[in-house]
Amino acid sequence: MSGTSSKTGFHKAVRKLMRPLVRMAIKRGISVNDFYLWLKAIYVEEAEHFTIEGKKQSTSRIALLTGLDRKEAARLRKLNQDMEMLLQQQTKRTNRAVRAINAWQKEAAYCDESGQPKALALYGEGASLESLVQQYCGDVSVVTVLGELEQSGLVEVQEDDTITLKDTSYIPHEDNEEQLFLMGQAAHDLLNTSAYNIEQQGKLSRLQLSVAYNRVDPEVIAKLKVLIEADSLELLQKLDRWLDREIDHQEDTGPEQYRAGVGIYYFEEPMDSGSEQ
């Protein structure tokens, strides 16, 4: 396969992988800039492992591997040491945007007679973005909140300097942390297996099987779910019992240990969902 063809295939695969994540990010008010920062930080974190034998990893080499400039690579190396603080700062910004949007859509003072969010003046004692921020966003300037809302693509500044809410279907999400962890772990496991099978061609591959049909009607889907849940649960329980017995009898002093298992998941999406074929 040529280099160009390989990059095209990789690009198409990445687009499909990213769509569910981007949809979730947009729903949660996470801007493309925040997402891009996370991505750059992960690039730098992974590049730490691409060392030259016998040499300690350097900022210059990380910059070369990632395409970032040396200053940005150094900043992100430091940032990766305290990623939790960065995430807390980003969450605080997102929460401010959520409170403002939520009130804008629900409070009578900021809605018209039909219950739709009004276009707001930036400043003023009446229904303005300034008063909205003062009521719901705490000790932060209206300009800061406006910038965050614009960054998230949620508002638009009109020629008359009024601010309109672009997406009235925006609903703030309160997530279950355990579900998010399970999502990340399951997607990580599947993608790791797929990457291994592509990058380790010629070696024994890891199990990766699926079955899917197009144009399935709701009646068949209902029957399929019942079949999958029953058979999958039986298989997973069988594997769980087997692994439990084997681990009880294995030597604890082995030179290497791994996390290993199998995952089963069900999927469905409308035929007109825009998913790339």
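The structure presented is a predicted model; accordingly, all values stated were derived computationally and were not measured. (Residues numbered from 1 in each chain as written. Predicted model: local features only at pLDDT ≥ 70, side-chain atom pairs only at ≥ 80, totals over all residues. Heavy atoms only, no water.)

S.K.: Pulling in residues and values, what's your account of the nonpolar core?
M.R.: Membership of the largest hydrophobic core comes to 19 residues, with the highest contact counts inside it found for Trp104, Leu129, Leu132, Val133, Leu149 and Val155. Those elements giving two or more residues to this core turn out to be helix H5 (83–106), helix H6 (129–136), helix H7 (142–151) and strand S3 (162–165). Apart from residues lying up to four places away in sequence, Val155 is in contact with Trp104, Leu146, Leu149, Glu150, Ile163, Thr164, Leu165 and Lys166. (Core = buried A, V, L, I, M, F, W, Y, C linked by side-chain atoms within 4.5 Å. Buried < 20%, exposed > 50% of the residue type's maximum accessible area, 1.4 Å probe, protein only. Helix = DSSP H or I, 4+ residues; strand = E, 2+ residues; numbered from the N terminus. Contact = heavy atoms within 4.5 Å.)

S.K.: Give a detailed account of the environment of Gly124, specifying residues and quantitative values.
M.R.: Tracing the backbone shows Gly124 in the loop between strand S1 (120–121) and H6. When sequence neighbours within four positions are dropped, the list of residues in contact with Gly124 reads Glu130 and Ser131.

S.K.: Can you break down helix H2 (residues 32–47) residue by residue, with the values?
M.R.: For H2, built from 16 residues, the straight-helix expectation of 22 Å at 1.5 Å per residue is met to within 8% by its first-to-last C-alpha distance of 22 Å. Among the residues of H2, those classed as buried are Asp34, Leu37, Lys40, Ala41, Val44 and Ala47. Down the axis of H2, the sector holding all buried residues measures 155 degrees, keeping them to one side. (Expected span 1.5 Å × (residues − 1). Arc of directions from axis to C-beta.)

S.K.: Requested: an account of the sheet that holds strand S2 (residues 155–157), with residues and values cited.
M.R.: One open sheet holds the three strands; their spatial order is S1-S3-S2, and the pairing between them is antiparallel. The sheet is open, and its two edges are formed by S1 and S2, each paired on a single side. Here S2 pairs with S3 via three bridges, running antiparallel. Considered in S3, the bridge of Val155 is made with Leu165. Lying over the sheet, H7 contacts S2 and S3, oriented at roughly 115 degrees with respect to S2. (Pairing = 2+ DSSP bridges. Axes fitted to C-alpha atoms, helices over the stretch in contact; angles between N-to-C directions.)

S.K.: How would you explain a nonpolar patch on the surface if you had to name every residue and give the values?
M.R.: Together, Leu207, Leu209, Leu235, Leu236, Leu239, Val262 and Ile264 give the surface a local cluster of nonpolar side chains, amounting to about 640 Å² of exposed area. Secondary-structure assignment places Leu239 in helix H9 (residues 218–249). In this structure Leu239 comes out as partly exposed when scored by relative accessible area, which is 31%. (Patch = residues over 30% accessible without salt bridge, like charges linked within 9 Å, V, L, I, M, F, W, Y side chains within 5 Å. Areas by Shrake-Rupley, 256 points an atom, 1.4 Å probe, with all protein chains shown as cover. Salt bridge = Lys/Arg side-chain N within 4 Å of Asp/Glu carboxyl O.)

S.K.: Can you explain the packing of H2 against helix H3 (residues 59–66)? Please cite residues and give values.
M.R.: For the pair H2 and H3, interaxial distance at closest approach is 9 Å and the crossing angle is 120 degrees. Our classification of the angle between H2 and H3 gives oblique. Note on packing geometry: the crossing formed by H2 with H3 is right-handed. Residues Tyr43, Val44 and Ala47 of H2 lie in contact with H3, whose contacting residues are Ile62, Leu65 and Thr66. For the contact of H2 with H3, the class distribution of residues is five nonpolar, one polar and no charged. (Parallel < 35°, antiparallel > 145°, perpendicular 65-115°, else oblique. Left-handed = near helix turned anticlockwise from the far one by under 90°. Nonpolar A, V, L, I, M, F, W, Y, C, P; charged D, E, K, R; others polar.)

S.K.: Before we move on, can you summarise the pattern of salt bridges with the specific residues and values?
M.R.: Across all of its chains, the model carries six salt bridges by this definition. Between Lys40 and Glu72 there is a salt bridge, and its shortest N-O distance comes to 2.7 Å. Linking Lys40 in helix H2 with Glu72 in helix H4 (residues 70–80), this pair joins segments that are 32 residues apart in sequence. No difference in accessibility class separates Lys40 from Glu72, as the two residues are buried. Two residues, Asp189 and Arg259, come together in a salt bridge whose shortest N-O distance is 2.8 Å. Of this pair, Asp189 sits in helix H8 (residues 177–199) while Arg259 sits in the segment after H9; the two residues are 70 residues apart in sequence, bridging distant segments of the chain. Taking relative accessible area as the criterion, Asp189 reaches 26% and is therefore assigned partly exposed. On the basis of relative accessible area, Arg259 is assigned to the exposed category, the value being 59%. One salt-bridge network, held together by shared partners, links Lys40, Glu72 and Arg75.

S.K.: Quick rundown of unusual backbone geometry? Include the residues and the values.
M.R.: Unusually for a residue other than glycine, Asp161 sits at a positive phi of about 70 degrees. Mapped onto the fold, Asp161 is located in the loop between S2 and S3. Residue Asp161 is classed as exposed on the basis of its relative accessible area of 54%. Unusually for a residue other than glycine, Arg215 sits at a positive phi of about 55 degrees. For Arg215, the position within the fold is in the loop between H8 and H9.

S.K.: Which residues make up the pairing of S3, and what are the values?
M.R.: Residues Thr162 and Thr164 of S3 are buried on one face, and the alternating residues Ile163 and Leu165, pointing to the opposite face, are buried as well. Where S1 lies against S3, two bridges are found, and the strand directions are antiparallel. Residue pairing in the sheet places Ala121 in a bridge with Thr162 of S3. Hairpin connection from S2 to S3: four residues lie between these consecutive antiparallel strands, with Asp161 at a positive phi of about 70 degrees.

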